[in-house]
Amino acid sequence: MRGEHHMGGPEMAPQTPQRSARPGTPVTLLDPPALSASRETRDAPRLRDSFTDSDRRGRLSFGWALETAAAWLLGGLWILPLAYAFWTAFHPREYSTRFAPTAPLTLQNFVSAWDAAPFARYFLNSFLLVTITLAAQLVLCTLAAYAFARFSFRGRDVVFVLVLMQLMVMPDVLIVENYRTMSRLGILDTVVAIGLPYMASAFGIFLLRQTFKTVPRELDEAARVEGAGFLTMLWKLYVPLAKPVYVAYALVSVSYHWNNFLWPLIVTNSVGSRPVTVGLQVFSSGDQGVDWSIITAATLLTSGPLLVAFLLFQRQFVQSFMRAGIR
Amino acid sequence: MRLPVGIRAQVYGWLLLLPALVLLVTFTHYPTVTTLYHSLMSTPKGARPAVWVGADNYHAMAADPVFWQSLRNSAFYALGTIPISIALALLMAVLVNGKLPGRGFVRLAYFTPTILPMIAVANIWLFFYTPGYGLLDQVLGVFGIGSHNWLGSRASALPCLMAVAVWKDAGFFMIFYLAALQGIAPALGEAAAIEGAGRWYVFRRVTFPLLMPTTLFVLVNAIISSFRLVDHIVVMTRGGPDNTSSLLLYYIYDVGFKFWDTSYAAALTMVLLAILATAAIVQFAFLERRIHYQ
Amino acid sequence: MRRVAGVMLAVMIAGWAGAASAQTTEISFYYPVAVGGPVTKIIDGLTADFEKENPGIKVKPIYAGTYQESIVKALTAVKSGEPPQTSVLLSTDMFTLIDEDAILPWDDLIKTPDDRAWLKSCFPAFMLNSQTGGKTWGIPFQRSTIVLYWNKDAFKDAGLDPERPPANWTEMVDVGKKLTRRDASGNVTQWGIQVPSSGFPYWLFQGFTTQNDVLLMNEAGTQTYYDKPAVVEALQYWVDLSQKHKVMPAGIIEWGTTPKDFFEKKTAMMWTTTGNLTNVRTNAKFPFGVAMLPANKRRGSPTGGGNFYLFKKSTPAQQAAVLKFVKWITSPRRAAEWGIDTGYVAVRPEAWDTPEMKKYVAGFPFAAVARDQLQYAVAELSTHENQRVTKALNDGLQAALTGAKTPAQAMKDAQAEADRILRSSRR
């Protein structure tokens, strides 16, 4: 089944070399599979020797400076909106569009923002949303991925293709019909309704299936010989081995659902269920025009938890992506 | 009494799958089918029930200039944001993969847009684009360039939204490239360098081909995100001026939840589904083969 | 023995509860305001006062967010079979609510001459959007109009009389030209005027059309007049402000940033809602004035904002309670209190005669500008299929303002689109 390995999803690290070592690779000067598989420099085909040593060193240091400058410039550009948010949120309103170094600092914007909308409730809603959604995703995706990875049952491949359909046809584009469904279920305007369409995540199933497939069969069989049941093996063997994948997936899921807007905007109507993003929009789309001081303060408030978490766990964050082999 | 292994595998397999499958069918496959069904019905209103209207909604769509405009915009948006954000992501990954002073900070800077809510940053970008005293005009003003009505002109509204999307996505895609780059043995590059190859040459002939699966994965994500994310439009332009920045999903939202014309919205959704399905087929059938079996 | 006592207690509680529910009528109403803001506190205070005076009635306000969200929520509730008893929604939602079979006319509840007098007691301008087919569907409450704000310092700097805002179209251009300032390289540093055109340009456009003495739709909400020559002329004037006279920025002017542009002195005059009065008073660091919109053939502005609607599916007791509540909250004293606290226009002339209101206006004369303009005001654009018909106009306006179409062409296309929509809705 072709879809099985390359549905365009992330590939697991161990598969890369084998896969690219297939016959009929394109004719290139360098043969990447040979290089990556063997790691033997001697195997590298001959390259054109176009520069002398000194030439290259000169180029490198100049190139290095250029690269550093480019990296920093890009970084500056990318951090600019956040930097602006900090500036405006911590300064009085008169300075929201003027960048005078002497501007006094204030926390008043945060106080005003906090008073102007029930952010505490919004936070609670968002927290419930990401927790419930993630918990359901982890359970459902683990079970389904396990079924796909280690059970052969009739119709498996067809069902797998059906699952992968969701990678493209995401709940985000089916808003009209899903709204109808929620209305029929009588759960409009609830936190559960926001998370429900996302709980069976094709991305999660696919990711975990790929990971589970890399667990050596021998381990599996050894456990079976010891009399472990299917679920015990899942819990004792597969889940622990997939830990980095779980972490990476959890981070993606949490940031996705914390930041999701359009669907929550549609299904929620009241303070009791609105997540922070919708609360923020309701709050900033007043008749009286934009007040950036308060909006940026509210922005920092709403994205604060994720931002702090990210700052604290930055290394782990990036690492778990890498270790998960999502590439 | 135990069931034979083969049958047990069947039963367990389906049981394990069942919970996810029920939800998946309810919120992906069933609505896809009902979208088609409702697109062939009229919208019920007050005491008037929905009736079968056949292709009426599709005829209306063919005659609807806003639909065509949104479709064109979506195509332009996708073709603009996808290559740029992927190229930038790759550039960023390469930059922060090497030795760089302040690498941690730069990585952080690239990645933060990903974790900020689009709805919030859109308000900030709204300030950047504000004519006169907005940041962009303040900066351009230093160079003696007069103010421009960025979001209020036909030509610049959509590109401005695209810039926000690129800014938001590039850092996210960078992570995948970074992960992939770190998986490539450094010996490769060194080897090539010893052989005297230029860096660009090594990148082009060694690194980039090795990154192909990643590029494919990122491409899929980029396509999805270009059709899925319209939060910034809600804040920044509401599709204006004169629909020049309206994307297909935003128009669906307008029709479905402001006009309450759910049947027409269903017909529009069918178009979006068709686009996504085509993208999926092209990707599976064509790109996969090119990359692996060429 | 203990069991008997328990049963007796249960019976007694049930009896009380029964008695209480026989006496208390509970009504819920959706209110379009983002929760937690100052307005919610005012509404909470008002309902508490009402409950104190009317012990048999419990009023439950539900804060539903923006107008857009409130109508969505109300319609959803209607479809699910549990609508609120009353709701404050946009006056322009009237036809939508009628089409969705969601509301009753207030006339059905009116029995006494006193009620009839009350129904006639609002400013007539506000009733224009509240009646159709000879029935009254909405009771004006949270209403506004468009006014002109001007920066007195900027007028002084330009050698103009800071106490004299432009009174007509010609003056607005002339004054605008003097107020528009350019730096050495020709870049504009201060515009003469900004009339916002994002989001809902039709509302501001109605200022121009009314001044040009033309209406955009019929009273039945089944016909629009977008392509009448006087409408095109009005649009031509708006377009000319930027393209010919260069006193207004070109392209679409964002509603949300316009007040900020005014505070930042990027524009010396702006058109915006009376609802911005408090905002401007707090944030403008210069003396400012508030005036009626300039006249052309006549003065004019559309009204805006929300009405009380009476929802179907309530018991007669609830309907009576709703009537009592709405009458109470729109009584002169309460309407005055509401207007003073929020900046919205108190909807009844008597409210302006109350001592509290007189004192307020004496201290802050601008508050009365909106009231005085009401005699010239017309109904906000509202038809069947309101959102779409309005969007057709919005798109046309933006097309003309961004130079993609001539005003005549833009209005011709908008009218064709509106005709198409309304024809199919009449079918």
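Residues numbered from 1 in each chain as written. Chains lettered and ligands numbered in written order. Predicted model: local features only at pLDDT ≥ 70, side-chain atom pairs only at ≥ 80, totals over all residues.

## Details of the overall build of chain B
Link 1 in the chain: Helix and strand counts for chain B stand at 13 helices and zero strands.
Link 2 in the chain: When the helices and strands of chain B are read in sequence order from the N terminus, they spell out α-α-α-α-α-α-α-α-α-α-α-α-α.
Link 3 in the chain: Computed over its C-alpha atoms, the radius of gyration of chain B comes to 24 Å, more than 25% above the 19 Å expected for a compact globule of 294 residues.
Link 4 in the chain: Each of the three principal axes of chain B carries a C-alpha extent, and together these read 80 × 75 × 35 Å.
Link 5 in the chain: Within chain B, residue pairs in contact and separated by at least 24 positions form 67% of the contacts whose partners lie at least 6 positions apart. (Helix = DSSP H or I, 4+ residues; strand = E, 2+ residues; numbered from the N terminus. Rg over C-alpha atoms; globule rule 2.2 N^0.38 Å. Contact = placed C-beta atoms within 7 Å.)

## Let's talk about the overall build of chain A
Link 1 in the chain: Per the secondary structure count, chain A includes 16 helices and zero strands.
Link 2 in the chain: Taken over 327 residues, chain A has a buried fraction of 49%. (Buried ≥ 20, exposed ≤ 12 C-beta atoms within 10 Å, placed from the backbone.)

## Things to note about helix 5 (residues 118-129) of chain B
Residues and elements named next belong to chain B.
Link 1 in the chain: Helix length check: helix 5 (12 residues) gives 16 Å between terminal C-alpha atoms against 16 Å at 1.5 Å per residue, within 8%.
Link 2 in the chain: Of all 12 residues that make up helix 5, 12 are buried, and the element is covered over most of its length.
Link 3 in the chain: For helix 5, every residue scored as buried is listed here: Met118, Ile119, Ala120, Val121, Ala122, Asn123, Ile124, Trp125, Leu126, Phe127, Phe128 and Tyr129. (Expected span 1.5 Å × (residues − 1).)

## Looking at the nonpolar core
Link 1 in the chain: Membership of the largest hydrophobic core comes to 176 residues, with the highest contact counts inside it found for A:Ala144, B:Ala89 and B:Tyr177.
Link 2 in the chain: Core analysis: the next-biggest nonpolar cluster, separate from the first, contains 121 residues, C:Ala64, C:Leu97, C:Val214 and C:Leu241 among them. (Core = buried A, V, L, I, M, F, W, Y, C linked by C-beta atoms within 7 Å.)

## Describing the pairing of strand 12 (residues 301-311) of chain C
All names here are of chain C.
Link 1 in the chain: Buried residues dominate strand 12, accounting for 11 of its 11 residues.
Link 2 in the chain: Judged from the five bridges that link them, strand 3 (residues 86-90) and strand 12 form a sheet pairing that is antiparallel. Pairing of Leu90 across the sheet is with Gly306, part of strand 12.
Link 3 in the chain: Direction of pairing for strand 4 (residues 103-104) relative to strand 12: antiparallel, over a ladder of two bridges. Of the residues in strand 12, the one forming a bridge with Ile103 is Phe311. (Pairing = 2+ DSSP bridges.)

## Things to note about the environment of B:Ala170
Residue and element names in this part refer to chain B.
Link 1 in the chain: Relative to the assigned elements, Ala170 resides in helix 7 (residues 154-183).
Link 2 in the chain: A residue is classified by how many C-beta atoms lie within 10 Å of it, and Ala170, with 27 of them, is buried.
Link 3 in the chain: In this structure the C-alpha to C-alpha distance between Ala170 and Ala89, which are 81 residues apart in sequence, comes to 4.7 Å.
Link 4 in the chain: Filtering out sequence-adjacent residues up to four positions away, Ala170 remains in contact with Ser85, Leu88, Ala89 and Met92.

## A word on the interface of chain C and chain B
Link 1 in the chain: Contacts between the two partners involve 25 residues from chain C, matched on the other side by 23 residues from chain B.
Link 2 in the chain: Looking at the side of chain C that touches chain B element by element, the count peaks at five residues for helix 17 (residues 386-401) of chain C.
Link 3 in the chain: Grouping the constituent residues of the side of chain C that touches chain B by class yields seven nonpolar, nine polar and nine charged. (Nonpolar A, V, L, I, M, F, W, Y, C, P; charged D, E, K, R; others polar.)

## Here's the deal with helix 10 (residues 217-225) of chain A
Link 1 in the chain: Among the nine residues in helix 10 of chain A, zero count as buried, and that is only a small part of the element.
Link 2 in the chain: Phi for A:Gly227, located one or two positions after helix 10 of chain A, is positive at around 90 degrees.

## Here we look at the packing of helix 4 (residues 108-116) of chain A against helix 15 (residues 292-312) of chain A
Residues and elements named next belong to chain A.
Link 1 in the chain: The interhelical angle for the contact between helix 4 and helix 15, taken along N-to-C directions, is 80 degrees, at an axis separation of 8 Å. One finds that helix 4 runs roughly perpendicular with respect to helix 15. Between helix 4, through Asn109, Phe110, Ser112, Ala113 and Ala116, and helix 15, the contact on the second element is made entirely by Ser293, Ile294, Ala297, Ala298 and Leu301.
Link 2 in the chain: Per-class residue counts for the contact of helix 4 with helix 15 are seven nonpolar, three polar and no charged. (Axes fitted to C-alpha atoms, helices over the stretch in contact; angles between N-to-C directions. Parallel < 35°, antiparallel > 145°, perpendicular 65-115°, else oblique.)

## Observations concerning the packing of helix 15 of chain A against helix 5 of chain B
For any two helices packed against each other, one specifies the crossing angle of their axes together with the interaxial distance.
Link 1 in the chain: Interaxial distance between helix 15 of chain A and helix 5 of chain B falls to 9 Å at its minimum, and their mutual angle equals 150 degrees. If you check the angle between helix 15 of chain A and helix 5 of chain B, you find them roughly antiparallel. In the crossing of helix 15 of chain A with helix 5 of chain B, the sense of the turn from one axis to the other is left-handed. Taken together, the residues of helix 5 of chain B that come into contact with helix 15 of chain A (itself represented by A:Trp292, A:Ile295, A:Thr296, A:Thr299, A:Thr302 and A:Ser303) are B:Ala120, B:Asn123, B:Ile124 and B:Phe127. (Left-handed = near helix turned anticlockwise from the far one by under 90°.)

## Some points on the environment of B:Ile184
Link 1 in the chain: Residue position: B:Ile184 is located in the loop between helix 7 and helix 8 (186-194).
Link 2 in the chain: Along the sequence, B:Ile184 and B:Asp56 sit 128 residues apart, while their C-alpha atoms lie 55 Å from each other.

## Side note on unusual backbone geometry
All names here are of chain C.
Link 1 in the chain: At Asp101, a residue that is not glycine, the phi angle is positive and equals roughly 60 degrees.
Link 2 in the chain: Examined against the element boundaries, Asp101 turns out to sit in the loop between helix 4 (94-99) and strand 4.
Link 3 in the chain: With 12 C-beta atoms packed within 10 Å, Asp101 lands in the exposed category.
Link 4 in the chain: Phi angles above zero are rare outside glycine, and Lys265 is one such case at about 60 degrees.
Link 5 in the chain: Here Lys265 is to be found in the loop between helix 11 (258-263) and strand 10 (267-273).

## Digging into the confidence of the model for chain B
Residue and element names in this part refer to chain B.
Link 1 in the chain: Taken residue by residue, chain B gives an average pLDDT of 86. The fraction at 70 or more is 90%.
Link 2 in the chain: The least confident element of chain B, judged by mean pLDDT, is helix 8 at 67; the most confident is helix 3 (residues 65-97) at 93.
Link 3 in the chain: The ipTM, which scores confidence in the relative placement of chains, is 0.87 for this predicted complex, and the corresponding pTM is 0.85. (pLDDT = per-residue confidence, 0-100.)

## Quick word on the environment of B:Thr214
Residue and element names in this part refer to chain B.
Link 1 in the chain: With respect to the element layout, Thr214 can be found in helix 10 (residues 212-228).
Link 2 in the chain: Of the residues examined, Thr214 has 26 C-beta atoms within 10 Å and is grouped as buried.
Link 3 in the chain: Considered as a pair, Thr214 and Ala180 are 34 residues apart in the sequence and their alpha carbons are 7.0 Å apart.

## Quick look at the pairing of strand 11 (residues 288-291) of chain C
Along any regular strand the residues' side chains alternate between the sheet's two faces.
Residue and element names in this part refer to chain C.
Link 1 in the chain: The alternating pattern of strand 11 places Phe288 and Val290 on a buried face and Gly289 and Ala291 on a face that is not buried.
Link 2 in the chain: Strand direction decides the pairing type here: strand 7 (residues 138-151) and strand 11, joined by four bridges, are antiparallel. Within the sheet, the bridge partner assigned to Trp150 lies in strand 11 and is Gly289.

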